[in-house]
Each structure stands twice: as C-alpha cells, then as structure tokens.
Amino acid sequence: MDSAASNPTADISYLRGHEQAAKIVITGAFGVGKTTFIASMSEIRPLRTEEQMTAASLGTDDLEGLPEKTTTTVAMDFGRLSLTDDLVLYLFGAPGQERFQNFLADLTRGALGALVLVDPRRLSDPRRLGESYDVIDRLEELGLAYAIAVNTFPQAPAYSVEQLRGAMDLSPETPLVFCDARDRGSSRDALICLVEYLLARYSEPAR
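What comes next is a walk through the structure. (Residues numbered from 1 in each chain as written. Predicted model: local features only at pLDDT ≥ 70, side-chain atom pairs only at ≥ 80, totals over all residues. Heavy atoms only, no water.)

### Observations regarding unusual backbone geometry
Okay, step 1: Positive phi, close to 65 degrees, is recorded for Gln 155, a residue that is not glycine.
Okay, step 2: Its place among the elements puts Gln 155 in the loop between strand 7 (146-151) and helix 4 (161-168).
Okay, step 3: Unusually for a residue other than glycine, Asp 169 sits at a positive phi of about 55 degrees.
Okay, step 4: Mapping Asp 169 onto the fold places it in the loop between helix 4 and strand 8 (176-179). (Helix = DSSP H or I, 4+ residues; strand = E, 2+ residues; numbered from the N terminus.)

### A closer look at the pattern of salt bridges
Okay, step 1: Within the structure shown, the criterion is met by 5 salt bridges.
Okay, step 2: Between Arg 138 and Glu 141 there is a salt bridge whose closest N-O contact spans 3.1 Å. With a gap of 3 residues between them, Arg 138 and Glu 141 both fall in helix 3 (residues 126-142), about one helical turn apart.
Okay, step 3: Assessed through its relative accessible area of 21%, Arg 138 is described here as partly exposed.
Okay, step 4: Overall, Glu 141 belongs to the exposed group, its relative accessible area being 60%.
Okay, step 5: In this structure, Asp 180 engages Arg 182 in a salt bridge whose closest nitrogen and oxygen atoms are separated by 2.9 Å. (Salt bridge = Lys/Arg side-chain N within 4 Å of Asp/Glu carboxyl O. Buried < 20%, exposed > 50% of the residue type's maximum accessible area, 1.4 Å probe, protein only.)

### Quick look at the packing of aromatic side chains
Okay, step 1: Summed over all chains, the structure comprises 2 aromatic pairs.
Okay, step 2: Consider the rings of Phe 78 and Tyr 90, whose centres lie 5.9 Å apart with planes at 10 degrees: the pair is stacked. Taken as a pair, Phe 78 in strand 4 (residues 77-84) and Tyr 90 in strand 5 (residues 87-93) lie far apart in primary sequence, 12 residues in all.
Okay, step 3: Given the relative accessible area of 28%, Tyr 90 is considered partly exposed.
Okay, step 4: Arranged with centres 5.1 Å apart and planes meeting at 65 degrees, the rings of Phe 78 and Phe 92 form a pair that is edge-to-face. Taken together, the residues Phe 78 in strand 4 and Phe 92 in strand 5 connect sequence positions 14 residues apart.
Okay, step 5: Overall, the relative accessible area of 16% leaves Phe 92 in the buried class.
Okay, step 6: Three or more aromatic residues joined by ring pairs make a cluster, and in this case those are Phe 78, Tyr 90 and Phe 92. (Phe/Tyr/Trp six-rings, centres within 6.5 Å; stacked < 30°, edge-to-face > 60°.)

This is the structure in structure tokens:
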C-alpha cells in the first residue's frame, strides 16, 4: 500500500523559522493502544472521551484477545507535546471502531500526517488482519501521509520488519517502527520518526 503523493491540506512552511504547532492524528484499529500512547506523551492532562463498555457493545466491538479492555473512546483523545523548542505537536486520537470511521475524515482535516498503531497479536489472525488494512486504506483515500508504529504488547509474537511489511503490504518508503505505547521515550521516538518522514516528504520538489 502507498500513501497519496501529497496531502492537499498540509503546508509545512509554517514549521520553519519560529515556534509553531502541527496537528498529528494517532489512529489504528480498536484496542491497539491509542489512548495509552497519547497519555504517555502528553505534557498536559490529556482530554479523553472514554466511556465504560456495556452490553450495548456486544456484537459491535470485537473484544477477542482484549480481556483487559473495559472502556472505549467514543469521540477522540487529545494531547500536546513540545517535540523541540520550536515545534509543538497537537495529538488527536481517533476512535478505532468501524462505526466511527466516517469521523476520521473530519479529524484528519488540517493534519500534517498520521501515526498508525498496530497490534502484532492480530497479524497472526487472518480474521483480524483486515482491521489494520481498513485504517490504512482510509488514510490513503484521504491523501494523508502516515507511518506505522508496532505496539509491542507483552507476549506478542515476534515478527521481523520484513514479515510485518509483507503482512500489511507496505510500500518501501512507509516508515515502520516498534514502540511501547506505555513508555514516553519509546512513543516519542515513534513520533520523531513520523515527523522526520513528513518533513522530508513535503520538502521534495513537486514531480
């Protein structure tokens, strides 16, 4: 899979010369750790729109393999991170359930790019692999550049980069990194990888 050549809503000229802010979307399938990622990174108390999961979610939200999952994001998560002295990132976490996918188009408006969190435990299950495809396909439809961050859950299968790229059919230029969404340093490295990719991508001369 390949991202669109450019994001018509992204203009990185404002990132150079003085302190400015950039919008980054944190997305991925249901239960991959987006809320945890933003909570570990945000220098302010993160805004959350989590609700307790009830019987109403049965048959709608797939909890297989997620026994610890008791809450779900119903609108978005929000956090703020000063990545450098002159660059502030505003992090917008998108809900992962399929029924909220239409909301993703609104949430990505004006975003510089997206970080897609992936749960490697799902890549071994063909029934659930499509969850990652759906998010990536949607970002490509929207023309938003992205990087992949594989969230290293405990007891998750160990895959090589080549195996992961093959499973998700990623293009060679799409960055793929490993991170622990609970760890601030690890999550920060994933965001730096994404921002460096976006700066290089949007700085390329138009073809």
